[in-house]
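An overview of the molecular structure
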Amino acid sequence: MITEWRSPQQNFSLFRRSCLPLFVISLLFVPVLKASLSDGDISKRSHSDGDESLLIVHDEVTSRSGSQQLRVASTLPQWDVNGYVIFCPCMGRFGNQMDHLLGGLAFAKTLNRTLILPPMREDLVSFRDFDDWFQIEPLLDFHRVIMGKEFMEHLAEENWPTHKRRGYCRSTVFQQGQCEMKRGMTQKGFWDYFNIDFEQSVSYDLMDEVNYSMESEVKLLRKQWTEQFPAAEHPVLAMYSVPGSFPVNSGNWFIQKYFKWTPALLAEAHRIKEKLLHGESYLGIHLRVGEDWGRVCGLAVGKSSMYFASPQCKSPNYALIFQDMCYPPVEKIMELTREAMVTFDLRHLYIASDTDPYKEEFRHALSDLNVTVHHYNPLGPQMDLIILSEADYFIGNCVSTFTSAIKRERDVNNRPSTFWGYPI
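This text gives an overview of the structure that appears in the document. Here the structure is a predicted model, which is why all the values come from computation and not from measurement. (Residues numbered from 1 in each chain as written. Predicted model: local features only at pLDDT ≥ 70, side-chain atom pairs only at ≥ 80, totals over all residues. Heavy atoms only, no water.)

Attention now moves to the sheet that holds strand S10 (residues 200-204). Within a sheet, each strand pairs with its neighbour through backbone hydrogen bonds, oriented either parallel or antiparallel. The strand order across the open sheet formed by six strands is S8-S5-S4-S11-S9-S10, and the pairing between neighbours is parallel. Two strands lie at the open edges of the sheet, namely strand S8 (145-147) and S10, each paired on one side alone. If you compare each strand with its neighbour and ignore which way they point, the axes differ by 30° on average. With five bridges joining them, strand S9 (residues 166-170) and S10 adopt parallel strand pairing. (Pairing = 2+ DSSP bridges. Helix = DSSP H or I, 4+ residues; strand = E, 2+ residues; numbered from the N terminus. Axes fitted to C-alpha atoms, helices over the stretch in contact; angles between N-to-C directions.)

Structure (structure tokens):
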């Protein structure tokens, strides 16, 4: 079993869920409670291993053992002497970013460093703060995290000054003594989002992909990275490449359960659901049927066994990708959709697609079933992701990372799914 100390943020997250009534009472009796918790002095300190004293950090008093936690004061975030990791999830759209985030969290936890949460990329040059989409507190149940802007505003100037900022990259991309951290529009936009420039570059040959479900692998990587890059000398690992495999290692899929949409996004998705579906049962499907996706599949069908998110449905993993799982013909889509509607007696069909949603084809194919067909086509991916993750049944594209984000969300909530080219 892999263990590490819980941060004050993590302990406070547990406290809020289990001891909220006591918390309210504590606000009325702070002086008495403080005296009862400690025989000694309570003071601000940084995170460090092996210290069982009480801390005031992030609006809380927390013992390292986690035995008592009481929120008594408001303070700024404290420097984590175990170090930090930050990276740009710069490749691809939302599905790819989610794969990167799962791998990055597993890497940060393996090294016992706090993850600086990156902004989410909307397009090549536009970013949104992480907490515009996801809640922070649930992530603390897995590992220590901090918002990027909070880190830069309160911690960077003193502990990671401009002249000490290094970029880290694999030796394979290290050229002429540089990591070229701002190579390309997306990478430049990401680091400029935080006004980060780099004075030095550091190359490495260490493995930076980890399966957090394998204890031996975690211990090995932690030892290697800690020895080569101790936090005292390398406090912030600003990575050129995402520290993790793509697609995300299956041993890290479970981390998806710590990603929770913000209440605002959930409320909007549920408003759309009520307007379209009226609380009735529905099938959600994800279609990738554009010409660009056809070209993507043409490079893999019959030639590759590992392609984008294909490991999520392929068993055994060495089997080649086939046409129906990547770019199924219209008649196969209609056939599997109809089978799901009949099998589960569903009243609505909700389609997510960035190209032709085949609405008329579906209406014709399902005309005798009294089914209503919907394609909402929101501006961003969040509404489709939420609505599909909550469907009574889901059919997705095995090769698509957008589907894989939905499938992981459904798996952690025990909701049934399948893929095009596979049986119900």
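A few words on the nonpolar core. Ranked by size, the top nonpolar core spans 58 residues in total, and within it Phe94, Phe130, Phe134, Trp225, Met239 and Phe259 carry the most contacts. The element best represented in this core is helix H4 (residues 94-111), accounting for nine residues. Once residues within four sequence positions are removed from consideration, Phe134 is found in contact with Phe94, Met98, Met120, Phe259, Lys260, Trp261 and Thr262. (Core = buried A, V, L, I, M, F, W, Y, C linked by side-chain atoms within 4.5 Å. Buried < 20%, exposed > 50% of the residue type's maximum accessible area, 1.4 Å probe, protein only. Contact = heavy atoms within 4.5 Å.)

Another aspect to go through is the pattern of salt bridges. Using the criterion set out here, one finds 19 salt bridges in the structure. For Lys182, the salt bridge identified is with Asp192, shortest N-O distance 2.5 Å. Remark: Asp192 occurs in helix H7 (residues 185-193) and Lys182 occurs in the loop between S9 and H7; sequence separation between them is ten residues. Relative accessible area serves as the criterion here: at 28%, Asp192 is assigned to the partly exposed category. One salt bridge in this structure joins Glu360 and Arg363, with 2.8 Å as the shortest N-O distance. With Glu360 and Arg363 both in helix H13 (residues 359-365), this residue pair falls three residues apart, about one helical turn. Residue Glu360 is classed as exposed on the basis of its relative accessible area of 55%. (Salt bridge = Lys/Arg side-chain N within 4 Å of Asp/Glu carboxyl O.)

The subject of this paragraph is the sheet that holds strand S12 (residues 282-287). Read from one edge to the other, the open sheet built from five strands follows the order S14-S13-S12-S15-S16, with strand pairing classed as parallel. At either margin of the open sheet sits one strand with a lone partner, and together these are strand S14 (372-374) and strand S16 (417-419). Sheet twist, expressed as the mean angle between neighbouring strand axes with direction ignored, is 20°. In the sheet, strand S15 (residues 393-396) pairs with S16 via three bridges, with the strands oriented parallel. Within S16, the residue paired with Gly396 across the bridge is Phe419. Against the sheet, helix H12 (residues 330-343) engages S12, strand S13 (348-353), S15 and S16, with an angle of about 160° to S12. With respect to the sheet, helix H15 (residues 401-412) is in contact with S12, S15 and S16, its orientation differing from that of S15 by roughly 155°.

As a further point, take unusual backbone geometry. Positioned with a positive phi, Asn195 is a non-glycine residue whose angle comes to about 55°. Here Asn195 shows up in the loop between H7 and S10. A relative accessible area of 62% means that Asn195 is categorised as exposed. Although it is not a glycine, Asn370 sits at a positive phi angle of roughly 55°. Within the secondary structure, Asn370 is located in the loop between H13 and S14.

On to the packing of H4 against helix H8 (residues 215-228), then. Axes are the key here: two packed helices are described by the angle between their axes and the distance separating the axes. At their nearest, the axes of H4 and H8 sit 8 Å apart, and the two run at 70° to each other. Judged on the interaxial angle alone, H8 and H4 are roughly perpendicular. In the packing of H4 onto H8, the handedness of the crossing is right-handed. For the pair H4 and H8, contact is made by Phe107, Lys109, Thr110 and Leu111 and by Val218, Leu221, Arg222 and Trp225, respectively. Split into classes, the residues belonging to the contact of H4 with H8 amount to five nonpolar, one polar and two charged. (Parallel < 35°, antiparallel > 145°, perpendicular 65-115°, else oblique. Left-handed = near helix turned anticlockwise from the far one by under 90°. Nonpolar A, V, L, I, M, F, W, Y, C, P; charged D, E, K, R; others polar.)

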